[in-house]
Structure formats: C-alpha cells, structure tokens
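# A structural walkthrough
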Amino acid sequence: RDGIPFVITSFHGDTNGLATKPVLSAVIKAMASDSTLMTHKLVFGLDANTYEKAKPGKQQDVLDWGEHYVSYDLTSCWGDVPNPSNYTTFNSRTYLQTQLNKACKKSDKRGNGDVNPKDFILFGKGDFKVSRTWKDNTGENKYIEDMAFPTLKFPSDHGILATVLEPIAPS
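We now turn to the structure provided with this report. Just so you know, these numbers come straight off a predicted model, no measurement behind them.

Below, the discussion takes up the packing of helix 1 (residues 20–33) against helix 2 (residues 62–71). Relative to each other, helix 1 and helix 2 sit at 10 degrees, their axes nearing to 10 Å. With respect to helix 2, the axis of helix 1 lies roughly parallel. Between helix 1 and helix 2, the contacting residues are Thr-20, Lys-21, Leu-24 and Ser-25 on the first element and Asp-64, Trp-65, His-68 and Tyr-69 on the second. For the contact of helix 1 with helix 2, a count of residues per class yields three nonpolar, three polar and two charged.

Below is the structure:
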C-alpha cells in the first residue's frame, strides 16, 4: 500500500537459542549480497528462544541478543534493549505429560517452568516506528502476567505477539 518493498522473515529458534544470532547474521548477509533485495525493508518475526537468566555458553541471553540486533541497525517491537522480564512464555510440564523428568508440582511451576522473553519482531531502526505492540496468552486479545499456558482455551506455549509499524519518511 505504501510502495515499500519488504523481506518478511520468520524463524523458530533452537531450544537454547544459540542459532538465533547466526541466523540473523545470515539473513542480513543474504540481503546485502543480493542487489534485488538491498532496497527492501526487513521485518523479522521470531521465537529467538532467549533467556532472562541464561546459562553462559549454553543459552542465548536476551540482553546479548538485543546488542546483536542493534549492531545491524535493527530494533525490535520491545526497543533496542529488551526488558528481560517481559515474558512471552510461561509453561511447565505436568506429570500427565510424557517427559516426566521435566515435570514439576503446581507450586513449583514458576521456578521450574519456562518463563522467558523469547519472542520478537525486528525491523530497521530508520525504516519504521512502533505504533503499538501487544501480546496475548488468552485468545481474547489480552495477556495475563504470571498465568501458565497453554490452557484449554489457548493451546500455544508462546504468547501471540503483534505490533503495528509505521514507515518513517526518508530524510
């Protein structure tokens, strides 16, 4: 509608998020090496599998991830420095699931579950500004903090992430 050529990319990261930075680097390299894509604007939605309290060398730290995308003059729907406690997952295994080694009691679900800031929408800092960003873990266009999911009404283990981007006029 605005005559803007896009490259729309998505990625589902590996469990520990260690492939996330190399994949972004590869996308940037591919776009830079293809003359037909050099003028396109990147919008990249991803489950980066980043962690608030990452195990060094074993999991992708969310703040380190932010430094990485900013190094490419990108920003995210969460800004240049993601808030480590802005969670998009809150799930834990129950004793009714097949992976009993990962199961925990209801009272331990926060401490033993996967409660992390994993999901992002990236774009060029000079290309767009965020008009609005929201997340949903209910299917009713709202996010309830500290609520474990999936639920019977919301079958995903990641919240829905949405953002409205507005083009920035070239200067």
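The discussion continues.
The next point concerns the pattern of salt bridges. With the rule as written, the count across this model stands at seven salt bridges. The residue Lys-41 makes a salt bridge to Asp-127 at a minimum N-O spacing of 3.4 Å. Note that Lys-41 is positioned in strand 2 (residues 41–47) and Asp-127 in the loop between strand 6 (119–124) and strand 7 (128–136), a separation of 86 residues in sequence. For Lys-41, a relative accessible area of 27% puts it in the partly exposed group. Of the residues examined, Asp-127 reaches a relative accessible area of 21% and is grouped as partly exposed. A salt bridge links Glu-140 to Lys-142; the nearest nitrogen and oxygen atoms lie 3.8 Å apart. The class of Glu-140 is exposed, set by a relative accessible area of 51%.

So, on to the packing of aromatic side chains. In total, this model carries seven aromatic pairs according to the counting rule given. Taking the centre distance of 5.4 Å and the plane angle of 75 degrees together, the rings of Trp-65 and Tyr-69 count as edge-to-face. Remark: Tyr-69 and Trp-65 occur in helix 2; sequence separation between them is four residues, near one turn of the helix. The pair formed by Trp-65 and Tyr-69 is uniform in burial state, with each residue classed as buried. Judged by centre distance (5.8 Å) and plane angle (80 degrees), the ring pair of Phe-149 and Phe-154 falls under edge-to-face. A residue is classified by how much of its surface remains accessible, and Phe-149, at 1% relative accessible area, is buried. On the basis of relative accessibility, which here comes to 5%, the residue Phe-154 falls in the buried class. One Lys or Arg, Arg-132, reaches over the ring of Trp-134 and ends 3.8 Å from the middle of that ring. Over the ring of Tyr-143 we find Lys-135, and its NZ or CZ is 4.2 Å from the ring centre.

Our next topic: the sheet that holds strand 2. Either a parallel or an antiparallel arrangement is found when strands of a sheet pair, and the pairing is made through backbone hydrogen bonds. The strand order across the open sheet built from four strands is 1-2-6-5, with neighbouring strands paired in mixed fashion. Sheet topology places strand 1 (6–12) and strand 5 (74–76) at the edges, where each strand pairs with a single neighbour. Taken over all neighbouring pairs, the strand axes of this sheet differ in orientation by 20 degrees on average, direction set aside. Along the sheet, helix 2 contacts strand 2, strand 5 and strand 6; its crossing angle with strand 6, the most-contacted strand, is approximately 20 degrees.

So, how was this worked out
- Residues numbered from 1 in each chain as written.
- Predicted model: local features only at pLDDT ≥ 70, side-chain atom pairs only at ≥ 80, totals over all residues.
- Heavy atoms only, no water.
- Axes fitted to C-alpha atoms, helices over the stretch in contact; angles between N-to-C directions.
- Helix = DSSP H or I, 4+ residues; strand = E, 2+ residues; numbered from the N terminus.
- Parallel < 35°, antiparallel > 145°, perpendicular 65-115°, else oblique.
- Contact = heavy atoms within 4.5 Å.
- Nonpolar A, V, L, I, M, F, W, Y, C, P; charged D, E, K, R; others polar.
- Salt bridge = Lys/Arg side-chain N within 4 Å of Asp/Glu carboxyl O.
- Buried < 20%, exposed > 50% of the residue type's maximum accessible area, 1.4 Å probe, protein only.
- Phe/Tyr/Trp six-rings, centres within 6.5 Å; stacked < 30°, edge-to-face > 60°.
- Lys NZ or Arg CZ within 6 Å of the ring centre and 35° of its normal.
- Pairing = 2+ DSSP bridges.

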